[in-house]
Amino acid sequence: MIIGSMDTLDENHVDYPAIIQKALDYLRDHDFTQMADGKYPIAGDKCFANVQRYTTRPEKDCKPETHRKFVDIQFIAEGEEFMGWCPLSPDLEEEAPYDAERDVTFYKALVPDSSIVLSPGCFAVLYPEDVHRPQASVVDDKPGKVTKVVVKVAIDSL
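The following paragraphs examine the structure supplied in this document.

The rules behind each value
Residues numbered from 1 in each chain as written. Predicted model: local features only at pLDDT ≥ 70, side-chain atom pairs only at ≥ 80, totals over all residues. Heavy atoms only, no water. Helix = DSSP H or I, 4+ residues; strand = E, 2+ residues; numbered from the N terminus. Rg over C-alpha atoms; globule rule 2.2 N^0.38 Å. Buried < 20%, exposed > 50% of the residue type's maximum accessible area, 1.4 Å probe, protein only. Contact = heavy atoms within 4.5 Å. Areas by Shrake-Rupley, 256 points an atom, 1.4 Å probe, with all protein chains shown as cover. Phe/Tyr/Trp six-rings, centres within 6.5 Å; stacked < 30°, edge-to-face > 60°. Lys NZ or Arg CZ within 6 Å of the ring centre and 35° of its normal. Expected span 1.5 Å × (residues − 1). Arc of directions from axis to C-beta.

## Some remarks on the overall build of the chain
A tally of helices and strands in the chain yields one helix and 12 strands. Moving toward the C terminus, one meets the helices and strands of the chain in the order β-α-β-β-β-β-β-β-β-β-β-β-β. A compact globule built from 158 residues should have a C-alpha radius of gyration of about 15 Å, and the chain, at 15 Å, falls within 12% of that. Within the chain, the fraction of its 158 residues that count as buried is 43%. The contacts of the chain with a sequence gap of at least 6 include a subset with a gap of at least 24, amounting to 78%. Put simply, the chain shows about 8000 Å² of open surface, and 51% of that area lies on carbon and sulfur atoms.

## Things to note about the packing of aromatic side chains
A complete count under the given rule lists three aromatic pairs for this structure. For the ring pair Y26 and F32, a centre distance of 6.0 Å and an interplane angle of 50° mean the geometry is tilted. Its relative accessible area of 13% is what places Y26 among the buried residues. Between F48 and F70, the aromatic rings sit 5.7 Å apart at their centres with planes inclined by 70°, giving edge-to-face as the arrangement. Note that F48 is positioned in strand 3 (residues 47–55) and F70 in strand 5 (residues 70–78), a separation of 22 residues in sequence. By the burial criterion, F48 is buried, and F70 matches it. Here the aromatic residues Y26, F32 and F75 are joined through ring pairs into a cluster of three or more. Here K39 stacks its cationic end above the ring of F48, 4.2 Å away from the centre of that ring. In this arrangement the basic side chain of R68 is found over the ring face of Y98, its NZ or CZ atom lying 3.8 Å from the centre.

## Some thoughts on the environment of I2
Along the polypeptide, I2 turns up in strand 1 (residues 2–5). Expressed as a C-alpha distance, the spacing of I2 and V125, which sit 123 residues apart in the sequence, is 5.0 Å.

## Remarks on helix 1 (residues 18–29)
Taking 1.5 Å of rise per residue, 12 residues should cover 16 Å, and helix 1 covers 16 Å from first to last C-alpha, within 8% of that figure. Every buried residue of helix 1 is listed here: I19, I20, A23, L24, Y26 and L27. The arc that holds the buried residues of helix 1, viewed along the axis, is 155°, so those residues lie on one side. Exposed residues on helix 1 whose side chains face more than 90 degrees from its buried face are A18 and D29.

## A look at the environment of D7
Along the polypeptide, D7 turns up in the loop between strand 1 and helix 1. Judged by its relative accessible area of 69%, D7 is exposed. A sequence separation of 118 residues divides D7 from V125, and the C-alpha atoms of the two residues are 16 Å apart.

That's the geometry; what it means functionally is another story.
Structure, rendered in structure tokens:
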């Protein structure tokens, strides 16, 4: 997982693969607070953005997940959320087997559990070995409104 901020994108000294840099440039260059929810192409079916609005939930109601075919770049445009993370390992117990159509495996818990608050302008680049638990409230009993963009980057385009 790579965590970053659009404010320091040009200064963070990370050499992203070209298609991930293209996705980050797309995120920096658009005002998603003014865009409708939905899917927006960046590089055909190899890279696209999903704009979504939702209310965060208690952490216990959010499931850890991984993806095999796509890297996720999760970007917060408005609001904030508590994202959990751990590396993929044999210690993790699957809650549901891999769903190839949705490209997702869900897990019962993060082992070990590390978390970060993502706020406006922050992004997380999540590879297939990054188990992540999105959409959690920063404070469990205080759900918040979030506008998030999840860019999907095909693994075979890296």
